[in-house]
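# Breakdown of the fold
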Amino acid sequence: MAATLVLAQKGSPVPFVAAALAEYANESAPGSYAVEWREGGSVQAGSKAASAALAIGDNAEEEELVGEAAAAEEIVRRLGTAAVSDACARWERFARERLGAGSFKELEAALAELDQHLAMRSFVSGYAASAADAAAWGALRASAGFQRNLKTSKTDALGGHVVRWYAHVDSLPFARRVAGGLAQAQQRRKAGGGGGEKAADQGSFDLGLEGVEDGKVVTRFPPEPSGYLHIGHAKAALLNQYFAQLYHGTMIVRFDDTNPTKEKGEFEDAITEDLRLLGIVGDRVTHTSDYFQTIYDYAVAMIRKGLAYADDTDQLTMRDERGKGVASRCRDLSVEANLERFDEMRRGTPFGQTCCLRAKMSVDNPNKAMRDPVIYRCNLAPHHRTGDAWKIYPTYDFCCPIVDSLEGVTHALRSMEYRDRNPQYEWFFPALGLRPVAIKDFSRMNFVYTLLSKRKLQWFVDEGLVSGWDDPRFPTVRGIRRRGMTVEALRQYVLMQGASQKNMLLEWDKIWAANKKLIDPVAPRHTALRKRALVPVTVTGAPSAAYVADVPRHKKNAALGSKQTVFSAQLFVDQADAAALAVAEEVTLMDWGNAVVSAIERASDGVVTGVTMALHLQGDVRATKKKLTWLAQHPQIHPVEAVMLDYDYLITKKKLEDGDDIADALTPTTEFVEPAIVDANVGALPAGSIIQLERIGYFIVDRVAADSELGVVSLIRIPDGKAATMASKHRGDSAAASKALDGKKESKPLAKGSPWDKGNASKAKKAQLPSASPAPAAAASAAADSALGLPRHDAVTSMYRTPHMHGEVALPPSSDVTAMYQTKKYY
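The shown structure was predicted, so the numbers you read here are calculated from the model rather than taken from an experiment. (Residues numbered from 1 in each chain as written. Predicted model: local features only at pLDDT ≥ 70, side-chain atom pairs only at ≥ 80, totals over all residues. Heavy atoms only, no water.)

## Brief notes about the overall build of the protein chain
- Scanning the protein chain from N- to C-terminus turns up 25 helices and 31 strands.
- Residues classed as buried in the protein chain amount to 51% of the 827 residues present.
- Put simply, 70% of the contacts in the protein chain that link residues at least 6 apart link residues at least 24 apart.
- In the form shown here, the protein chain has an accessible surface area of approximately 38,700 Å², with 51% of it arising from carbon and sulfur atoms. (Helix = DSSP H or I, 4+ residues; strand = E, 2+ residues; numbered from the N terminus. Buried < 20%, exposed > 50% of the residue type's maximum accessible area, 1.4 Å probe, protein only. Contact = heavy atoms within 4.5 Å. Areas by Shrake-Rupley, 256 points an atom, 1.4 Å probe, with all protein chains shown as cover.)

## With respect to the side chain of Ser568
- Here Ser568 lies in the loop between strand S20 (562-567) and strand S21 (570-573).
- For Ser568, a relative accessible area of 8% translates into the label buried.
- Reaching out from Ser568, the side chain makes a polar contact with the backbone nitrogen of Gln570 at a distance of 3.1 Å.
- Once residues within four sequence positions are removed from consideration, Ser568 is found in contact with Ala542, Ala546, Trp592, Ala632 and Gln633. (Polar contact = N/O pair within 3.5 Å; in protein donor to acceptor, adjacent residues only side chain to side chain.)

## As for helix H2 (residues 68-79)
- In this model, H2 (12 residues) spans 17 Å end to end at C-alpha, consistent with the 16 Å of a helix rising 1.5 Å per residue.
- Where H2 is concerned, the buried positions are Glu68, Ala71, Ala72, Glu74, Ile75, Val76 and Leu79.
- Phi turns positive one or two residues past the end of H2, at Gly80, with a value near 90°. (Expected span 1.5 Å × (residues − 1).)

## Things to note about the pattern of salt bridges
- Under the definition given, this model contains 40 salt bridges.
- Between Asp470 and Arg482 there is a salt bridge; the shortest N-O distance is 3.7 Å. Of this pair, Asp470 sits in the loop between helix H16 (454-462) and helix H17 (477-482) while Arg482 sits in helix H17; the two residues are 12 residues apart in sequence, bridging distant segments of the chain.
- Owing to a relative accessible area of 35%, Asp470 belongs among the partly exposed residues under this scheme.
- Classification of Arg482 by relative accessible area gives buried; the value is 17%. (Salt bridge = Lys/Arg side-chain N within 4 Å of Asp/Glu carboxyl O.)

## Details of empty space enclosed by the protein
- Applying the stated rule across the entire model yields 8 cavities of 30 Å³ or more.
- Of the volumes computed, that of the largest cavity is approximately 270 Å³.
- Computed from the structure, the second largest cavity encloses a volume of approximately 210 Å³.
- If you trace the second largest cavity, you find 18 residues lining it, with Thr565, Val566, Trp630, Leu631 and Asp679 closest to the centre. (1 Å grid on protein atoms, 1.4 Å probe; cavity = no way out; pocket = protein on both sides within 12 Å on 5 of 7 lines; lining within 4 Å. Points joined across faces, edges and corners; volume = space filled by probe spheres on them.)

## Examining the sheet that holds strand S6 (residues 250-255)
- The strand order across the open sheet built from 3 strands is S5-S6-S7, with neighbouring strands paired in parallel fashion. Two strands lie at the open edges of the sheet, namely strand S5 (218-221) and strand S7 (284-287), each paired on one side alone. Recorded for the sheet is a direction-independent mean angle of 30° between the axes of neighbouring strands.
- Across 4 bridges, the pairing between S5 and S6 is parallel. Note that in S6 the partner of Arg220 across the bridge is Ile252.
- This element, helix H9 (residues 231-246), spans S5 and S6 of the sheet and lies at about 165° to S5. (Pairing = 2+ DSSP bridges. Axes fitted to C-alpha atoms, helices over the stretch in contact; angles between N-to-C directions.)

## Some remarks on the sheet that holds strand S9 (residues 356-359)
- Strand order in the open sheet formed by 4 strands is S8-S9-S10-S11, and the pairing between neighbours is antiparallel. Edge positions in the sheet fall to strand S8 (308-311) and strand S11 (392-394), since each has one partner strand and no second. If you compare each strand with its neighbour and ignore which way they point, the axes differ by 20° on average.
- Here S8 pairs with S9 via 4 bridges, running antiparallel. Its bridge partner lying in S9, Asp311 is registered against Cys356.
- Docked against the sheet, helix H11 (residues 292-304) engages S8, S9, strand S10 (374-378) and S11, running at close to 115° with respect to S10.

## Focus: the pairing of strand S30 (residues 697-703)
- In terms of residue burial, S30 counts as a mostly covered element, since 6 of its 7 residues are buried.
- Taken together, the 4 bridges between strand S29 (residues 690-693) and S30 define a ladder with antiparallel strand orientation. If you follow Ile690 over to S30, its bridge partner there is Ile700.
- Linking S29 back to S30 in an antiparallel pair, the connection comprises 3 residues, with Arg695 at a positive phi of about 70°.
- Note that S30 and strand S31 (residues 713-718) share 5 bridges and pair antiparallel. Across the sheet, Tyr698 pairs through a bridge with Ile718, a residue of S31.

## Focus on the nonpolar core
- Residues Ile231, Leu275, Phe460, Leu490, Trp508 and Ile511 are the most contacted members of the largest nonpolar core, which totals 65 residues.
- With 10 residues, H9 is the largest single contributor of residues to this core.
- Every residue in contact with Ile231, bar those within four places of it in the chain, is listed here: Met445, Phe447, Leu452, Pro475, Ile480, Leu490, Trp508 and Ile511. (Core = buried A, V, L, I, M, F, W, Y, C linked by side-chain atoms within 4.5 Å.)

## Some details on the packing of aromatic side chains
- Scanning all chains against the criterion turns up 31 aromatic pairs.
- Ring centres of Tyr228 and Phe267 lie 5.4 Å apart, and the angle between their planes is 85°; this geometry places the pair in the edge-to-face category. Taken together, the positions of Tyr228 in the loop between S5 and H9 and Phe267 in helix H10 (residues 265-277) put the pair 39 residues apart, joining distant regions of the chain.
- Using a relative accessible area of 14% as the deciding quantity, one classes Tyr228 as buried.
- Given a relative accessible area of 6%, Phe267 falls into the buried group.
- Ring geometry for Tyr296 versus Trp390: centroids 5.6 Å apart, planes at 55°, classification tilted. Of this pair, Tyr296 sits in helix H11 while Trp390 sits in the loop between S10 and S11, and the two are 94 residues apart along the sequence. (Phe/Tyr/Trp six-rings, centres within 6.5 Å; stacked < 30°, edge-to-face > 60°.)

## Focus on helix H6 (residues 144-151)
- Inspection of H6 places Gly145, Phe146, Gln147 and Asn149 among the buried residues, and these make up the whole buried set.
- Tucked inside the fold, the buried residues of H6 contact helix H4 (104-117), helix H5 (131-142) and helix H7 (160-170).

## So, the confidence of the model for the protein chain
- Mean pLDDT for the protein chain: 83, with 83% of residues reaching 70 or above.
- Note on residues 193-202: pLDDT is under 50 here. Beyond four places in sequence and across chains, it has 23 contacts.
- In this model residues 732-741 is a low-confidence stretch, pLDDT under 50, and it forms 19 contacts with partners more than four residues away in sequence or in other chains. (pLDDT = per-residue confidence, 0-100.)

## Observations concerning the packing of H11 against helix H13 (residues 335-347)
- Their axes nearest at 9 Å, the elements H11 and H13 cross at an angle of 155°. Comparing their axes, H13 and H11 come out roughly antiparallel. Between H11 and H13, the residues in contact are Tyr296, Ala299, Val300, Ile303 and Arg304 and Val335, Asn338, Leu339, Phe342 and Arg346, respectively.
- The class makeup of the residues in the contact of H11 with H13 is 7 nonpolar, 1 polar and 2 charged. (Parallel < 35°, antiparallel > 145°, perpendicular 65-115°, else oblique. Nonpolar A, V, L, I, M, F, W, Y, C, P; charged D, E, K, R; others polar.)

## Digging into the environment of Met416
- On the secondary structure map, Met416 appears in the loop between strand S12 (411-415) and helix H15 (422-432).
- By relative accessible area, Met416 is classed as buried at 16%.
- Considered as a pair, Met416 and Arg444 are 28 residues apart in the sequence and their alpha carbons are 6.7 Å apart.

## Digging into the environment of Pro686
- Assignment of secondary structure puts Pro686 in the loop between strand S28 (671-678) and S29.
- When the C-alpha atoms of Pro686 and Val704 are compared, they prove to be 6.6 Å apart, with 18 residues separating the residues in sequence.
- Look past the residues within four positions of Pro686 in its chain and what remains in contact with it is Val701 and Val704.

## Here we look at the state of the cysteines
- This structure, assessed with the given rule, holds 0 disulfides.
- Its sulfur unpaired, Cys399 is 6.2 Å from the next cysteine sulfur, which belongs to Cys400.
- Among the residues examined, Cys399 registers a relative accessible area of 1% and is labelled buried. (Disulfide = S-S within 2.5 Å.)

## Digging into the environment of Gln497
- Among the structural elements, Gln497 can be located in helix H18 (residues 487-497).
- Under the relative-accessibility criterion, Gln497 is labelled buried at 15%.
- The sequence separation of Gln497 and Ser443 amounts to 54 residues, and the corresponding C-alpha distance is 9.7 Å.

As structure tokens, this is what we get:
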């Protein structure tokens, strides 16, 4: 029997529990519930408690349940006993009654109980998402206290297991449909002229568009095919698409191909592909070059009206005159002389090449963009579409208002950098007798340590400082995608920024954190070990012959399938992990079980050369502090050679100021290479696969072994938004850099070669390995220690160096030494 669930958008609380249960039910029986979000705080006049209403049956015999509690209980009942166990039903009530508590003190107690319950569980009830998960997620989605702490990263009070569980459930299809349905309802209300709250997780889109008529809005995105799209272009494209779709209008993708010197067909193809990956396909695709003859005719008409003149003043003089507000000597030439000069420009004669056509706007307008701007110039380079047909080309500022008007654009959305040229844009409409176009500004997306200027990015390419426009260090769409950014994360982040007019210098952490939230539930887990001084491990009690078993690729996502894992009495572990072990210590071999360290062998320099462990599978994996990643070999299945790549920002300044030289701000070392071996399953992954290397971080397969010059798999580290991975690695803040490169938790101090680790000073000092980075990590570490007033590493004897109280005087040992200790006299 069909049912309709009506929900109040501003209910107190918002009825997410009922919404989540209904969408969860729709997964097993599609179409069971039609979910409708209505404006206001109640679905029934005069009843504030009526935040939800469930109507069951047809109009003749319709039963209506009012209130979220009644609706939720009925949805659970209709799921049936096969889908809802007694435990599931109890947790569903717990979600509504306890997690929906009004005070944060009561909520905190409920969260503590839920956190303890989830300590060893992926879901609230059972081994897959259930109605209990839907109800609990809905209650927390509606909780202002929970959401406030979650968004401000104050997660200590929420419970780590709860936060982990919530992030996973939040990514499930039913939860996404709930959030998406509410957001769409809010957008429809806004489109219809209603006020109210912003769509979930979005910035303000209120640009104050004037003269909006549903179905008649036309926007345009006009990229120049002289380079690749960068993240700033992505914002412009997505905003133009957003407003066109919001008002059921049209979006035009127009290639502004008016500079044949810089433009290429390959750039146009790349831009088209990048837009497609972003989910942007223009309703129409045009080129400014389609209008070259029309634009030329408008230029001639301006000359005939006395609104333009051909100027042969040299560039330096013209710049000086415009700056001082001085009229050009050519400004008062006759119409006939200007037409003759413009014709010479069109034919590309030697004299014509010395001229440019200028609009006669103003000589001394305070806005210098209005001081007789150039609208046509000569260029003899062949055009990638029109060939040698033209020797003159219009400027962007001249052709843009003309083509916008001719193509029916209603709203020209441009970034704030064009604001001074807006009066110039508007001047051309009455001058040429064209239909005016409304223009609106939005802020650019500027990021720290990042250059978005095509000219400056081209400099890096020309100087060979990067591998190309798709280099992982570049802010191009292709560059950040190659580094592991998903298209969905990029889209979500741009929409979160909204269309504000406030210029901001953004950090990279939030966009990468959003990306991690999307990839974590679907990234298969794999194992990698650093090749430097790998340590062989003998496991006693293990089967004498190596064998292969299937292990889940992701313990919380069975849909990802399984991977082949080799189990053997002979293993390899990281040197850093081995150096942190102690005899008789019980550790966990991940995906296998516990083992007790029997012996540790070291070379004369302190480097661990071998470890012996006794398998102890009955041990409690929750009781061990150290969880070790490991790899073993099988006659037919071997670990695969790989390199792990990490990158730093290209420049050392958060923002380059006017007058700064890029060369003076270059980061000395921006690529870090770590040789490794990975489990054999990684060797079969195609390029572009996103994985998590356990205890290290997220990576994307950049090149498979067959495409690599070295015959190894290339893995690029994906930033996760945390401070350690976002820190600039060239600075003296070596702690963050080391943590970013290492990624391990249990043996973190020793993995960085620290001599201060709990009494293991001497062996840590001896076992310290050279840095994987080409940068002088040891020197940087020493410099940092010196700045803090710490002693040199080679001066450390135990935990701290303690000088003699009365000078460094060598004294003979006492004659009466006990069997256990030897003492020295103080005086």
